[in-house]
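Read off the chains here:
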Amino acid sequence: MNIKKHCVAMILAGGQGSRLYALTQGIAKPAVPFGGKYRIIDFPLSNCINSGIDTVGVLTQYQPLELNEYIGNGGPWDLDRASGGVFVLPPYQKSSGSDWYTGTANAIYQNLRFIDRYDPDYVVILSGDHIYKMDYSKMLEFHKKKDADCTIAVLEVSREEASRFGIMSALEDGKIYEFEEKPKEPKSLLASMGIYIFSTGVLRKYLQADEEDPASSKDFGKNIIPAMLAAGSSLYAYPYTGYWKDVGTIGSLWEANMDLLDPSVPLDLGSSELRIYGRNTAHPPQYVGPAAQIQNSIIPEGAVVDGMVDFAVLFGDVKVAKDAVVRDSIVFPGTVIESGAVVEYSIIAENCVIGAGAKIGSRPEDTMDKENWGIAVIGNNVKVGAGATVPAKVIVDKDIQGVAEI
């Protein structure tokens, strides 16, 4: 028998992450490595336990194997509980047929039985692919104080960015009176962070009505929130002022990792308050060779550096050989950078080999065509031959020799 919970969390972690291209060909986006020893899913899971939420459903769909294995029994996040804990929730066969999750709202609808097991007063709905630290208990207190049906965390963005988000217009007390999904001409700069708190009965009512609407795309931003506003429900915007980044693109993932190296960016993963936890497998200490040069970089346990590493984020089991250079780049676990190879402004995925003398990526000032400059990407398990070249912005997902095509 399950104990009643005051609040449960549901993490939407089933997205394909198609804008990350080769980095998510074999894994779900929330399982992508981040910050030297974490994965993206560590952020919402850590936020939940830091907020006193000990019952969490993780809704998976696309390439879930590595994500499921990583979450395990939830021990690293103190979510291995006798009552509650963390649960991986894939789509499943039902007597009336089976369906993939067809949208964010449909994913939660298909798991109402899981929510019912704990009879919570409130449900927190989160995205599994954002980098930020947040105490949801403060947002829940705001929700209760306002007697809201739904509270949405919002971040003030620039006018140039606003068209990428769901944008809310709110009164001084936070009450939302208008919502537009990715407007071309935004009327406000308050962007939805994809963090919702619902009173459970209200959530059930609108999910059921939405499921019965054949014209709906089964999405919170496109359907549920507009329907609630139209019906006069009480929606409030909860202001957030800390670091937050959607790492859904190659550029934003690279930027978020580089932000860890900038002391002016407020993203301390190991701080005692709202610490980020992860399943960090045992490694020997990092090894730094006598000829190595390291500057302003993350070099975690298990990494071996004999070459130059400058403004880079390495993971465990990465090897940088003598005379190799890694600069302004991210190198995922298990990758080997051989002697004389140069990696600049790149993301190198897991278990790759960058051959001796290979050249991956380039610095912006080294590229004549600035409009087409970007981060070079090497996908999982790729071998780049000795002396091969991968230009800026090129994404490689299979073994190569010579020059990769743009």
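Predicted model only: the values in this text are computed from it and were never measured. (Residues numbered from 1 in each chain as written. Predicted model: local features only at pLDDT ≥ 70, side-chain atom pairs only at ≥ 80, totals over all residues. Heavy atoms only, no water.)

*Asks:* Please give an account of the pairing of strand 5 (residues 85-89) that cites residues and values.
*Replies:* When strand 4 (residues 55-59) meets strand 5, the two strands line up parallel, connected through 5 bridges. In the strand pairing of strand 5, Gly57 is matched with Phe87. A crossover links strand 4 with its parallel partner strand 5, the connecting element being helix 2 (residues 65-71), and its sense is right-handed. (Pairing = 2+ DSSP bridges. Helix = DSSP H or I, 4+ residues; strand = E, 2+ residues; numbered from the N terminus. Right-handed = clockwise from strand over helix to strand, strands pointing away.)

*Asks:* How would you explain the environment of Pro364 if you had to name every residue and give the values?
*Replies:* Note that Pro364 resides in the loop between strand 26 (359-360) and strand 27 (376-378). Taking C-alpha positions, Pro364 is 13 Å from Ser329, a pair spaced 35 residues apart along the chain.

*Asks:* Help me get a handle on helix 5 (residues 136-145), residues and values and all.
*Replies:* Taken together, the buried positions of helix 5 are occupied by Tyr136, Met139, Leu140, Phe142 and His143. Viewed end-on, helix 5 has its buried residues packed into an arc of 160°, placing them on one side of the element. Looking at helix 5, the residues exposed on the side facing more than 90 degrees away from the buried face are Lys138 and Lys145. At the C-terminal side of helix 5, Asp147 shows a positive phi close to 50°. (Buried < 20%, exposed > 50% of the residue type's maximum accessible area, 1.4 Å probe, protein only. Arc of directions from axis to C-beta.)

*Asks:* How would you summarise the sheet that holds strand 16 (residues 304-305) if you had to cite specific residues and measurements?
*Replies:* Taken in spatial order, the 6 strands line up as 14-16-19-22-25-28 in an open sheet, and their pairing is parallel. Every interior strand has two partners, whereas the edge strands, strand 14 (287-288) and strand 28 (383-384), have only one. Across 2 bridges, the pairing between strand 25 (residues 353-354) and strand 28 is parallel. For Ile354, the partnering residue across the bridge sits in strand 28 and is Val384.

*Asks:* An account of the nonpolar core is requested, with residue identities and associated values reported.
*Replies:* In terms of nonpolar packing, the biggest core is built from 104 residues, with Leu45, Val56, Ile354 and Ile378 touching the most fellow members. Among the elements that take part in this core, helix 9 (residues 250-259) stands out by supplying 5 residues, more than any other. Among residues more than four places away in sequence, those in contact with Val56 are Ala9, Ile11, Leu45, Cys48, Leu79, Gly85, Val86, Phe87 and Phe114. Among the nonpolar cores identified, the runner-up in size contains 34 residues, and Ile152, Phe220, Leu235 and Ala237 belong to it. (Core = buried A, V, L, I, M, F, W, Y, C linked by side-chain atoms within 4.5 Å. Contact = heavy atoms within 4.5 Å.)

*Asks:* An account of the environment of Arg204 is needed here, citing residue identities and associated values.
*Replies:* As for its placement among the helices and strands, Arg204 is situated in helix 7 (residues 200-211). In this structure, the C-alpha to C-alpha distance between Arg204 and Ile108, residues 96 residues apart in sequence, is 9.4 Å. Setting aside chain neighbours within four positions, we find Arg204 in contact with Leu112 and Asp116.

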